[in-house]
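# Understanding the architecture of this molecule
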Amino acid sequence: MAKWRGLISAVAIGALLGVMGPFGSQTAYAPAVKYAFWMVVSLAGYAAAAAADRLLPPPRRAEERQHGSPR
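Report follows, based on the coordinates. These numbers come from a predicted model, not from an experiment. (Residues numbered from 1 in each chain as written. Predicted model: local features only at pLDDT ≥ 70, side-chain atom pairs only at ≥ 80, totals over all residues. Heavy atoms only, no water.)

## Some words on helix α3 (residues 31-55)
Here α3 contains 25 residues, and its C-alpha end-to-end distance of 36 Å stays within 8% of the 36 Å for a straight helix at 1.5 Å per residue. Taken together, the buried positions of α3 are K34, W38 and S42. In this structure, the buried residues of α3 make contact with α1 (5-20) and α2 (25-28). (Helix = DSSP H or I, 4+ residues; strand = E, 2+ residues; numbered from the N terminus. Expected span 1.5 Å × (residues − 1). Buried < 20%, exposed > 50% of the residue type's maximum accessible area, 1.4 Å probe, protein only. Contact = heavy atoms within 4.5 Å.)

As structure tokens, this is what we get:
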């Protein structure tokens, strides 16, 4: 279940944003378009975060930043 937590959260956030219609999308779009738009935006954000997690090195610990790499 923990493996799917991020994806499930992105879908839930997309659905919530589709219901709320923030940033003027409540009146600007038809409901089907609004839900699809926010679902795509939230899933694209999830995909970008997952790609960054795989591509970027892990953050250094505070001790290593202050004193250099441990020897």
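## Here's the deal with the packing of α1 against α3
The interhelical angle for the contact between α1 and α3, taken along N-to-C directions, is 150 degrees, at an axis separation of 8 Å. Relative to α3, α1 is oriented roughly antiparallel. In this structure, α1 meets α3 at a crossing whose hand is right-handed. When α1 is examined against α3, the residues G6, L7, A10, V11, G14, A15, L17, G18 and V19 are found in contact with a partner set consisting of K34, Y35, W38, M39, S42, L43 and Y46. Counted by class, the contact of α1 with α3 contains eleven nonpolar, four polar and one charged residues. (Axes fitted to C-alpha atoms, helices over the stretch in contact; angles between N-to-C directions. Parallel < 35°, antiparallel > 145°, perpendicular 65-115°, else oblique. Left-handed = near helix turned anticlockwise from the far one by under 90°. Nonpolar A, V, L, I, M, F, W, Y, C, P; charged D, E, K, R; others polar.)

## Some details on a nonpolar patch on the surface
A cluster of nonpolar side chains, contributed by Y29, V33, F37 and V41, occupies part of the molecular surface with about 340 Å² of accessible area. Position of Y29 among the secondary structure elements: in the loop between α2 and α3. (Patch = residues over 30% accessible without salt bridge, like charges linked within 9 Å, V, L, I, M, F, W, Y side chains within 5 Å. Areas by Shrake-Rupley, 256 points an atom, 1.4 Å probe, with all protein chains shown as cover. Salt bridge = Lys/Arg side-chain N within 4 Å of Asp/Glu carboxyl O.)

## Things to note about unusual backbone geometry
One non-glycine residue, F23, lies in positive phi territory at about 60 degrees. Relative to the elements of secondary structure, F23 occurs in the loop between α1 and α2. Here F23 falls in the exposed class, since its relative accessible area comes to 80%.

As far as function goes, none of this settles anything; it's purely spatial.
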